[in-house]
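Working through the structure, step by step
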Amino acid sequence: MKVRDVMNPDACVVSLDDTAQQAATLMAENDIASLPVVDEGQLAGVVSDRDIALNVVAEGRTASTCVRDVMTSRAIYCIDDEDVDDVLSRMAMLASNRLPVVDHGGKLVGILIRR
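What counts and how
- Residues numbered from 1 in each chain as written.
- Predicted model: local features only at pLDDT ≥ 70, side-chain atom pairs only at ≥ 80, totals over all residues.
- Heavy atoms only, no water.
- Disulfide = S-S within 2.5 Å.
- Buried < 20%, exposed > 50% of the residue type's maximum accessible area, 1.4 Å probe, protein only.
- Axes fitted to C-alpha atoms, helices over the stretch in contact; angles between N-to-C directions.
- Helix = DSSP H or I, 4+ residues; strand = E, 2+ residues; numbered from the N terminus.
- Left-handed = near helix turned anticlockwise from the far one by under 90°.
- Contact = heavy atoms within 4.5 Å.
- Nonpolar A, V, L, I, M, F, W, Y, C, P; charged D, E, K, R; others polar.
- Pairing = 2+ DSSP bridges.

This paragraph deals with the state of the cysteines. In the structure shown here, the tally under the stated rule is zero disulfides. In this structure Cys12 is not part of a disulfide, and its nearest cysteine sulfur, from Cys78, lies 17 Å away. Looking at Cys12, the relative accessible area reads 23%, which means it is partly exposed. There is no disulfide at Cys66, and the cysteine sulfur nearest it, in Cys12, is 20 Å away.

Okay, here's the thing in structure tokens:
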């Protein structure tokens, strides 16, 4: 089975120019700890509640700080045609419950959730 067969195609995302407050609000509303960051549909990185705590709150920045300034740009992701069992094993080793899914062009196409 492929990742595309079990992923959620409706991932909550933020853009590079969204604010840390907007990202935190989305995380709170959806009870999630991280969000893919997209730039014109392409995966640009991931912003987590930890990124916001350490790079906004701890540094005394304002809630209007752009996501681009606090996100992790080296996002871990998978490709939609990878074998789902292989990806779930990787996620378990990484202790990750959510993984962005991209196509071969780098476009975000969904999110894989490990339960």
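That shown, we press on.
A word on the packing of helix α1 (residues 20–30) against helix α2 (residues 49–57). Contact geometry for α1 and α2: axes closest at 10 Å, N-to-C directions at 145°. The crossing of α1 and α2 is left-handed. Touching Ala20, Ala23, Ala24 and Met27 of α1 are Asp49, Ile52 and Val56, all from α2. For the contact of α1 with α2, a count of residues per class yields six nonpolar, no polar and one charged.

Another point: the sheet that holds strand β6 (residues 108–113). Strand order in the open sheet formed by three strands is β4-β5-β6, and the pairing between neighbours is mixed. For this open sheet the edge positions go to β4 (78–79) and β6, each flanked by a neighbour on one side alone. Judged from the five bridges that link them, strand β5 (residues 98–102) and β6 form a sheet pairing that is antiparallel. Residue Val101 lies in a different strand from β6, and its bridge partner there is Gly110. Across the face of the sheet, helix α3 (residues 84–94) comes into contact with β4, β5 and β6 while running at roughly 65° to β6.

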